[in-house]
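Chain by chain, the residues run as shown.
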Amino acid sequence: MDMAAAAGEVVPEIVLLAGAVVVLITALFTPRRLQHHAPWLSLIVIGVAAATTVPQLGAVQRIGFFDTYALDGTAVVGKLIVLAVAAITVGLTTEWFRSDDRAGELQTMLLFATLGAVLLAGAADLMELVLGLLLSSVTGYVLAAYHRQSKESGEAAIKYYLLGALTNALMLVGVVLLFGLGTTTTYPGLSQTLPGADPLGVLAGTGLLLLGMAFKVGAVPVHPWVPDVAEGAPAPAAAFLLTAPKVGGIIAIARIAALLADAPVGWRPAIALIAAATMTLGNLAALWQTDVRRLLGWSAVSQTGYALMAPVALGRSDLAIPSLLLFLAAYAAANLAAFGVVVELRGRTDLADYAGLARTRPWLFTGLVIAFLSMVGIPPLGGFAGKLALFAATIDAGYTWLAVLAVINSVISLAYYARVLGPGYFEPAPGPVPVLGTSAAVATGIAVVATVATGVVAEPLLRTFTDALLLP
Amino acid sequence: MLTASILMPLLGAVAMLTLRRTSEPTQRGVATGIAAVPLLLLIVVWTQFDGNGGFELIEQAPWIPSLGVTYKLGIDGMSLVLAVMSALIFAASTAYPTDLRGRGHEYYAWMLFLEAVSLGVFLALDLFLFYVFFDLSLVGMYFLIGVWGHGNARRAALKFFIYTLAGSLVMLLAILALYLATDPRTFDIPTLIASQPLAGSGLLGALAFWGFAIGLGVKTPLVPVHTWLPPAHVDAPAPASAILAGVLLKLGTYGFIRIMLQMMGEQYQRFAFPLAVIAVVSIVYGALVALGQPNLKRRIAYTSVNHMGYTILGVSACAAAIGLGDRDAQTLALTGAVVEMVAHGLITGALFLISGSIWQRGQSYEIADYGGLAARAPRMTAATVVAAFASLGLPGLAGFIAEFQIFVGTFAVYPWLAGIGLLGVVITAALFLQVLQRMFLGDLPDRWGDWTDVGRVETASLAVLLALVIVIGVYPRWLLSPIESATRAMGG
């Protein structure tokens with residue numbers, strides 16, 4: 001295979017990369033009064049990347065780019081979800097960063113972070129996985145710290161960075177171990193060689209690998225950055241960081257699990273335990289929050305736990321992959337919708353500030369209700385369809401206890417979502433509520449519509465997802 | 001036709017939201033008009049109903065074929081009468097005056113939304129669709145209790161939501177177990193009934209069965225998972241209480257018959273006895289606790305626990321009778337259970353509406369605060385007397401028809417349990433007579449000197465419900481024949 005043909009397989013990624021550079025250069029040479037064009041440029045780049053990704057949906061599902069990059073349905077759908085998240089995030093950033101003279105650079109960072117998440121979804125090679133992880137992480141630290149005058153923003157970024165540096169380094173050790181044992185870094189190669197390798201070494205290697213990925217998706221035990229980033233990072237950045245890397249990361253975890261299918265390590269119970277601990281801890285911690293953004297952060301942790309049920313069912317239930325993709329799409333929509341409301345409310349975050357929202361800002365409140373009910377799993381919203389498919393896959397795979405635990409968690413989660421919704425609907429409003437602007441409102445609206453749509457018209461989505469493969 | 005009876009109130013709910021600036025009587029008039037549409041549609045459906053034992057008037061469209069989910073509606077005799085009863089209670093409750101707190105348009109929007117999804121539960125012939133409607137009913141009731149309730153309304157609303165959501169999620173797992181056992185995978189209710197996917201599956205079947213028993217038992221409610229009910233009832237606005245008792249509890253018992261008895265007949269036969277025991281405990285315990293309540297609404301609420309116990313006793317006796325091959329007992333017990341659902345809906349709906357009228361005038365539910373109201377409010381007294389006597393099972397009224405059949409059916413299989421269950425009837429009689437005596441007879445306290453009788457709208461709403469109670473009691477044939485057409489077909 002020659003280089004040109006191989007490059008043809010990663011056009012969307014090249015578009016993102018080149019686009020990010022173009023946006024950066026444009027931002028550098030554009031006078032301050034024209035900087036507000038940067039988001040439009042960014043949207044065009046994302047649009048082109050998505051337009052070049054869509055044809056891949058119908059193509060033959062295979063591992064391309066010299067056996068290192070997956071072009072299977074799971075990767076392509078994952079990419080599209082990440083790109084949609086990026087596009088909505090751009091909408092949330094425009095007004096939020098209007099007074100910031102680095103708005104152009106912000107778009108560059110966002111595009112690079114998007115590329116990182118996209119690479120995670122497609123990586124079928126350990127080195128490429130590391131590349132995706134690092135690109136996603138490094139840009140993530142910058143995005144989290146973007147308000148450099150803000151103490152909270154700095155604190156969140158430092159916590160995010162320290163935890164990330166540690167886990168990323170450990171993950172590299174794991175990669176080296178697996179490379180040593182398997183004599184190759186490509187997944188197709190490793191799936192041949194790992195089953196014959198020393199089980200203890202494989203266990204250590206994959207364990208460290210999973211630790212790195214657990215950090216990325218905010219799973220126990222390396223989750224503590226999530227609520228801090230949710231609270232401290234600029235709200236649009238938090239919306240993105242809690243969503244896009246998670247989509248890529250969980251697909252990457254699933255791909256590692258598929259890779260290990262024949263290897264002599266008990267990864268299935270291990271991921272099940274992580275899923276159980278993550279959903280439970282996230283929920284219990286969310287119960288006590290008086291800060292809506294922290295609450296959303298902890299809720300995002302618990303949602304990671306649900307999503308991890310899908311890799312557990314991999315190979316045992318034909319619903320595993322469709323349920324994962326449906327859930328990720330629904331989660332991304334609901335999470336963006338909830339954060340979008342926070343952004344549109346100019347980042348107001350105190351629980352008490354949400355009292356009476358139903359009277360003062362009925363549309364925003366409706367969006368929040370839809371986002372939360374979707375996260376609880378109330379039909380016919382996307383979160384319900386996703387959870388239903390996840391539960392079915394998990395029971396089908398013989399992990400009924402995990403499904404039962406997820407149900408218990410869903411019930412608990414209702415209590416803290418109701419802590420926001422109750423006062424919002426039942427109490428009188430203390431005063432007028434200023435909002436941010438049109439583009440943030442439109443982006444939020446799109447996310448809300450997507451939250452409903454992923455549930456109501458789940459059929460075309462599921463049909464696409466059912467054919468999706470997850471190649472090792 | 002069936003789709004329209006769900007869609008109309010749903011669209012009506014959206015339409016209500018635009019009526020923010022209109023006066024409360026206008027809002028109520030419009031809402032009542034919309035709420036009555038499904039009733040009229042369903043009465044037309046009744047005239048077209050054949051009663052051949054199967055599902056009729058099926059309306060379907062593909063929804064999520066990849067998962068075997070179809071938008072499918074249809075009726076048999078049981079769902080028909082329950083849907084008509086529900087539509088009637090909704091129309092009456094919507095018309096019933098209550099304190100709207102200046103948010104009438106929202107109140108009526110939620111009422112109509114709740115009507116749509118409640119009817120959806122009875123009309124759905126797809127288990128997925130059933131679950132969707134079942135869960136949405138929680139959302140509607142949560143807001144109704146939370147905003148328009150009194151006392152610690154938000155706490156009661158949240159408790160209601162969390163309890164019943166927990167129950168419905170447990171049921172969801174059981175639904176998934178059923179679904180995963182089908183091949184090709186489907187949520188289609190007639191197919192599930194015909195194929196009995198979990199028959200002979202041992203532990204999984206048992207787990208799924210008890211998953212349903214817990215999930216639906218919370219909604220029903222059965223002891224010991226009934227504790228959400230009293231606060232929800234006491235703090236809810238009276239029309240919402242009427243709907244909660246009259247319609248929403250039936251969603252649980254309906255599931256007992258439609259899902260557990262019909263789709264998991266083998267398991268139900270296996271576990272009929274423990275469920276019958278739980279039912280009898282609910283009957284006796286519910287009645288005893290009701291007797292001890294000084295609060296009128298709590299008292300009525302606990303009689304619901306008692307009456308739903310009769311229903312589950314009837315269903316369980318039917319399952320046991322199927323096991324024994326006793327066709328008569330089986331049909332009697334099950335028909336009785338369905339009639340009890342209808343009768344309880346009408347009777348308790350009326351009782352809660354009356355208690356709402358009392359609250360509107362006295363701002364108190366304490367029985368001890370009242371006395372001698374009969375002198376000031378003859379119509380209110382008459383309505384209460386009819387409803388109370390019907391509830392305690394006086395012959396000639398609807399409750400009697402139901403309880404008689406249930407107990408006769410149960411005697412054939414569980415004579416001892418039937419005997420103990422009869423205690424419940426005696427206690428219920430005592431507690432209702434006590435209410436009548438303390439509140440309506442005796443001396444009128446001075447502060448109720450200007451007590452007014454129920455108004456025109458209240459009288460009309462109550463009269464419709466109670467007239468039916470009497471009609472069913474005196475001439476039950478028209479109600480029994482569609483129900484029997486369904487229940488006869490259920491035993492196979």
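Per-chain numbering applies: the sequence of each chain, read as written, is numbered from 1 onward. Whichever chain is written first is A, and whichever ligand is written first is 1; the rest continue in order. Only residues with pLDDT of at least 70 are given local features in this predicted model, and only at 80 or more are side-chain atom pairs given and counted; all residues enter the totals for whole chains, interfaces and linings. Side-chain calculation: all heavy atoms of the structure are included, whereas hydrogens and water are not.

A. Broad picture of the pairing of strand β1 (residues 56-64) of chain B. Residue and element names in this part refer to chain B. Two strands pair when backbone bridges link them, and β1 and strand β2 (residues 69-75) are joined in this way by 6 bridges, in the antiparallel orientation. When the sheet's bridge partners are listed, Ala-61 is paired in β2 with Tyr-71. Pairing between strands is defined by DSSP: at least two bridges between the two strands are required. The helix and strand labels rest on DSSP assignments: H or I over at least four residues marks a helix, E over at least two residues marks a strand, and numbering proceeds from the N terminus. Linking two consecutive strands that pair antiparallel, namely β1 and β2, is a turn of 4 residues; a positive phi of about 75° is found at Gly-68 within it.

B. Here's a closer look at the packing of helix α18 (residues 362-376) of chain A against helix α21 (residues 438-456) of chain A. Residue and element names in this part refer to chain A. Every angle, taken between N-to-C directions, lies between 0 and 180 degrees, and every axis is a line fitted to C-alpha atoms, over only the stretch in contact when it is a helix. The geometry of α18 relative to α21 is characterised by a closest axis approach of 10 Å and an angle of 40° between their N-to-C directions. Of the possible angle classes, the one that applies to α18 and α21 is oblique. In this structure, the crossing between α18 and α21 has a hand that is left-handed. Mapping the contact onto sequence places Gly-367, Ile-370 and Ser-374 in α18 and Val-448, Thr-451 and Val-452 in α21. The residue classification treats Ala, Val, Leu, Ile, Met, Phe, Trp, Tyr, Cys and Pro as nonpolar and Asp, Glu, Lys and Arg as charged. All others, Gly included, are polar. When the residues that make up the contact of α18 with α21 are grouped by side-chain class, the tally is 3 nonpolar, 3 polar and no charged. Orientation labels follow simple angle bins: below 35 degrees gives roughly parallel, above 145 gives roughly antiparallel, 65 to 115 gives roughly perpendicular, and whatever is left gives oblique. By definition, turning the near helix anticlockwise from the far helix through less than a right angle yields a left-handed crossing, and turning it clockwise yields a right-handed one. Any two residues whose heavy atoms approach within 4.5 Å at even a single point are treated as in contact.

C. Seen up close, the interface of chain B and chain A. Every contact between the two is made by 33 residues of chain B and, on the other side, 34 residues of chain A. Summed over both partners, the accessible surface that disappears when two parts come together, traced with a 1.4 Å probe, is what is meant by buried area. Carbon and sulfur atoms make up 75% of the area that chain B and chain A hide from each other, which totals about 3200 Å². It is Arg-103, Arg-154 and Leu-173 of chain B that lose the most area in chain B upon contact with chain A, and together they represent 18% of the buried surface on that side. Throughout this description, the term salt bridge denotes a Lys or Arg side-chain nitrogen within 4 Å of a carboxyl oxygen of Asp or Glu. The interface formed by chain B and chain A contains 3 salt bridges. One salt bridge in this structure joins Glu-427 of chain A and Arg-154 of chain B, with 2.7 Å as the shortest N-O distance. Polar contacts, as used here, are pairs of N or O atoms within 3.5 Å; protein pairs need one atom able to donate a hydrogen and one able to accept it. Residues neighboring in sequence count only if both atoms are side-chain atoms. Applying the counting rule to chain B against chain A returns 7 residue pairs in polar contact (both at pLDDT 80 or more). Residue assignment for the side of chain B that touches chain A shows that the elements contributing at least two residues are β1, α4 (104-123), α5 (127-148) and α6 (153-180) of chain B. Here the side of chain B that touches chain A gets 12 residues from one element, more than from any other, and that element is α6 of chain B.

D. The arrangement of a nonpolar patch on the surface in detail. What makes a patch is a set of residues exposed beyond 30% relative accessible area and free of salt bridges, joined within 9 Å when like-charged and within 5 Å when nonpolar (Val, Leu, Ile, Met, Phe, Trp, Tyr). All accessible-area figures derive from a Shrake-Rupley calculation using a 1.4 Å probe, and residue coverage is judged against the displayed protein chains alone. A cluster of nonpolar side chains, namely Val-21, Leu-24, Ile-25, Leu-28 and Phe-29 of chain A, defines an oily patch on the protein surface of about 480 Å² accessible area. Tracing the backbone shows Phe-29 of chain A in helix α2 (residues 11-29).

E. Highlighting the UniProt feature "domain: NADH:quinone oxidoreductase/Mrp antiporter transmembrane" (unreviewed entry) in chain B. If you check UniProt for "domain: NADH:quinone oxidoreductase/Mrp antiporter transmembrane" (unreviewed entry), the listed places come out as residues 124-428 of chain B in our numbering. In the segment residues 124-428 of chain B, helix accounts for 81% and strand for 0%; the C-alpha atoms at its two ends are 34 Å apart. UniProt positions are given in the numbering used here, feature names are shortened, and annotations may be inferred rather than shown by experiment.

F. View of helix α13 (residues 327-362) of chain B. All names here are of chain B. In this analysis, the expected span of each helix is defined as 1.5 Å times one less than the number of residues it contains. Look at α13: 51 Å from first C-alpha to last across 36 residues, which is about the 52 Å you get at 1.5 Å a residue. Within α13, 30 of the 36 residues are buried, which leaves it mostly tucked inside the rest of the structure. Directly after α13, the chain includes Gln-363, whose backbone phi takes a positive value near 55°. For every residue, the accessible area obtained with a 1.4 Å probe (protein chains only) is divided by the maximum for its type, and the residue is called buried under 20%, exposed over 50%, and partly exposed between those limits.

G. Quick peek at unusual backbone geometry. Cis geometry marks the peptide bond from Asp-183 of chain B to Pro-184 of chain B, where omega comes out at -5°. Mapped onto the elements of the fold, Pro-184 of chain B is located in the loop between α6 and α7 (189-195). The peptide bond linking Thr-220 of chain B to Pro-221 of chain B adopts the cis configuration, its omega dihedral lying at -10°. Mapped onto the fold, Pro-221 of chain B is located in the loop between α8 (203-219) and α9 (229-235). In this model, Thr-183 of chain A sits at a positive phi of 60°, which is unusual for a non-glycine residue. Judged by its relative accessible area of 61%, Thr-183 of chain A is exposed. Look at Leu-57 of chain B: it is not a glycine, yet its phi comes out positive at around 50°. Mapped onto the elements, Leu-57 of chain B comes out in strand β1.

H. The arrangement of the nonpolar core in detail. Grouped together as the largest cluster of nonpolar side chains are 386 residues, with contacts concentrated most on Leu-129 and Leu-242 of chain A together with Leu-127, Met-141, Phe-212 and Tyr-268 of chain B. Excluding residues within four positions of it along the chain, Phe-212 of chain B makes contact with Met-171, Ala-174, Ile-175, Leu-178, Gly-217, Ile-259, Met-260 and Met-264 of chain B. For this analysis, a nonpolar core means a set of buried residues of the types Ala, Val, Leu, Ile, Met, Phe, Trp, Tyr and Cys, connected via side-chain atoms within 4.5 Å.

I. Just the side chain of Glu-459 of chain A, in detail. Within the secondary structure, Glu-459 of chain A is located in helix α22 (residues 458-466). In contact with Glu-459 of chain A, other than residues within four places in its own chain, are Trp-63, Ile-64, Pro-65 and Ser-66 of chain B.

J. Local environment of the packing of aromatic side chains. Note on ring pairs: Phe, Tyr and Trp rings are taken, using the six-membered ring of Trp, and paired if centres are within 6.5 Å. Classes follow the plane angle, with under 30 degrees stacked, over 60 edge-to-face and the rest tilted. Within this structure, the stated rule accounts for 43 aromatic pairs over all chains. Between the aromatic rings of Tyr-310 of chain B and Phe-407 of chain B, the centroid separation amounts to 5.7 Å while the plane-to-plane angle is 75°, which identifies the pairing as edge-to-face. Placement of the pair is Tyr-310 of chain B in helix α12 (residues 296-324) and Phe-407 of chain B in helix α16 (residues 398-413), with a sequence separation of 97 residues. In this pair, the class of Tyr-310 of chain B matches that of Phe-407 of chain B, namely buried. On the numbers, 5.3 Å between centres and 80° between planes, the contact of Trp-448 of chain B with Trp-451 of chain B is edge-to-face. Trp-451 of chain B matches Trp-448 of chain B in its accessibility class, with the two residues each being buried. Through a chain of ring-to-ring contacts, three or more aromatic side chains come together here, namely Phe-365, Tyr-425 and Phe-426 of chain A together with Trp-110, Phe-113, Tyr-142, Phe-143 and Phe-161 of chain B. Ring-over charges, as used throughout, are those where CZ of Arg or NZ of Lys falls within 6 Å of the ring centre and within 35 degrees of the ring normal. Over the aromatic face of Tyr-146 of chain A sits the side chain of Arg-102 of chain A, whose NZ or CZ is 4.4 Å from the ring centroid. Between the NZ or CZ atom of Arg-103 of chain B and the centre of the ring of Tyr-425 of chain A, over which it lies, the distance is 4.9 Å.

K. Molecular detail of the pattern of salt bridges. Residue and element names in this part refer to chain A. Enumeration over the complete set of coordinates arrives at 20 salt bridges over all chains. The residue Lys-79 makes a salt bridge to Glu-13 at a minimum N-O spacing of 3.0 Å. Of the two residues, Lys-79 is situated in helix α4 (residues 73-96) and Glu-13 in helix α2; the sequence distance between them amounts to 66 residues. According to the relative accessible area criterion, Lys-79 is buried, its value standing at 1%. Salt bridges linked by common partners bring Lys-159, Asp-228, Glu-231 and Arg-294 together as one network.

L. Examining the environment of Pro-395 of chain B more closely. Residue and element names in this part refer to chain B. Within the fold, Pro-395 resides in the loop between α15 (378-391) and α16. Classification of Pro-395 by relative accessible area gives exposed; the value is 51%. Pro-395 sits 201 residues away from Ala-194 along the chain, and the two C-alpha atoms are 38 Å apart.

M. Local environment of the environment of Pro-432 of chain A. Residues and elements named next belong to chain A. Structurally, Pro-432 can be placed in the loop between α20 (400-426) and α21. On the basis of relative accessibility, which here comes to 77%, the residue Pro-432 falls in the exposed class. When the C-alpha positions of Pro-432 and Arg-361 are compared, they lie 9.0 Å apart, and in sequence the two are 71 residues distant.

N. Molecular detail of the packing of helix α9 (residues 199-217) of chain A against helix α12 (residues 244-259) of chain A. Residue and element names in this part refer to chain A. At a closest axis distance of 8 Å, the pairing of α9 and α12 adopts a crossing angle of 155°. The orientation of α9 with respect to α12, classified from their angle, is roughly antiparallel. Taken as a pair, α9 and α12 cross one another with a handedness that is left-handed. Counted together, Leu-209, Leu-210, Met-213, Lys-216 and Val-217 of α9 and Pro-245, Lys-246, Gly-249, Ile-250, Ala-252, Ile-253 and Ile-256 of α12 form the full contact between these two elements. Its residues placed into classes, the contact of α9 with α12 shows 9 nonpolar, 1 polar and 2 charged.

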